[in-house]
Amino acid sequence: MKALRLIPAIDLIDGKCVRLEQGDYDKQKTYDKDPLDMAKELEDNGLTYLHMVDLDGAKQGEIVNWRILEKVCTYTSLQVDYGGGLKREKDVEIAFESGAIQVNIGSMAVKDPAAFTRWLGIFGPEKIILSADVKGEKIAIHGWQDTSDFTVFDLIHRYLHAGLKYVVCTDISKDGMLQGPGLDIYRKIQSEFPQIELIASGGVTTLEDLDQLEEMQVNGAIIGKALYEGKLSLKELHAWA
């Protein structure tokens, strides 16, 4: 088994699998595949992990698609990390109660550092992923609809003292474009924060992309549109792993 974790993504709007381009809700493509069926297919092909994004939740500011999370965690053995709209402690609890092994927190880490630090303490650094969605090096929030004044480096620095361990960094300029991942930003993060388990997200399209990320020794790679568009097959991912 290779060190790089392969983490297929299911993004949800109205209970359906979708993909956006560069986080733009107006550039949405809906796929004719039930999320649970997709999850079972991943499991059947030997994959272990799943990144589930509640895009309705990200837009509305509260957890929405938790019942789909619950179904996937009940009927498969996939280890699911879940994000999108987790702004209250109750929403985080619902995600864990529905079966998520980790949650992704983005906007709250920017807007309410006290809450994010508290959640690291309550749930533990193994359970909380800092979701750093970047435009350039600046952090985007509210489902990528707004850009903050923070850089990804500012944000990671803020939580190191609280035990932060996992960071998923999505290069929005690459997301959904099928043009390869933003290796430069990942190299910078790896160089400045070697103690962080970095998960790369956005633009992973080929096995060569996975080879490069593994060579960089990042913790994981999230794979989305490339799977749905047939650029990477589940059989290829199984063989690569």
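Our structure's up above, just so we're on the same page.
(A) A look at unusual backbone geometry. Even without being a glycine, aspartate 14 presents a positive backbone phi close to 55°. Tracing the chain through its elements places aspartate 14 in the loop between strand S1 (5–13) and strand S2 (16–21). Taking the relative accessible area as the measure of exposure, aspartate 14 reaches 64% and is therefore exposed. You will see that glutamine 217, though not glycine, has its phi angle at about 65°, which is positive. For glutamine 217, the position within the fold is in the loop between helix H9 (207–215) and strand S12 (220–223). Among the residues examined, glutamine 217 registers a relative accessible area of 65% and is labelled exposed.

(B) Seen up close, helix H3 (residues 66–75). Burial in H3 covers these residues: Ile68, Leu69 and Val72. In a view along the axis of H3, the buried residues occupy a sector of 105°, so they form one face of it. Across from the buried face of H3, at angles greater than 90 degrees, the exposed residues are Arg67, Thr74 and Tyr75.

(C) Quick look at the pattern of salt bridges. The final tally for this structure, using the stated rule, is six salt bridges. Between lysine 33 and glutamate 41 there is a salt bridge whose closest N-O contact spans 2.9 Å. Given a relative accessible area of 31%, glutamate 41 falls into the partly exposed group. The salt bridge partner of arginine 187 is aspartate 184, with a shortest N-O separation of 3.4 Å. Separated by three residues within a single helix, arginine 187 and aspartate 184 lie in helix H8 (residues 183–192), roughly one turn from each other.

(D) Summary view of helix H4 (residues 89–97). For H4, every residue scored as buried is listed here: Asp91, Val92, Ile94, Ala95 and Phe96. Two residues or fewer after H4 comes glycine 99, characterised by a positive phi angle close to 115°.

The rules we used
Residues numbered from 1 in each chain as written. Predicted model: local features only at pLDDT ≥ 70, side-chain atom pairs only at ≥ 80, totals over all residues. Heavy atoms only, no water. Helix = DSSP H or I, 4+ residues; strand = E, 2+ residues; numbered from the N terminus. Buried < 20%, exposed > 50% of the residue type's maximum accessible area, 1.4 Å probe, protein only. Arc of directions from axis to C-beta. Salt bridge = Lys/Arg side-chain N within 4 Å of Asp/Glu carboxyl O.

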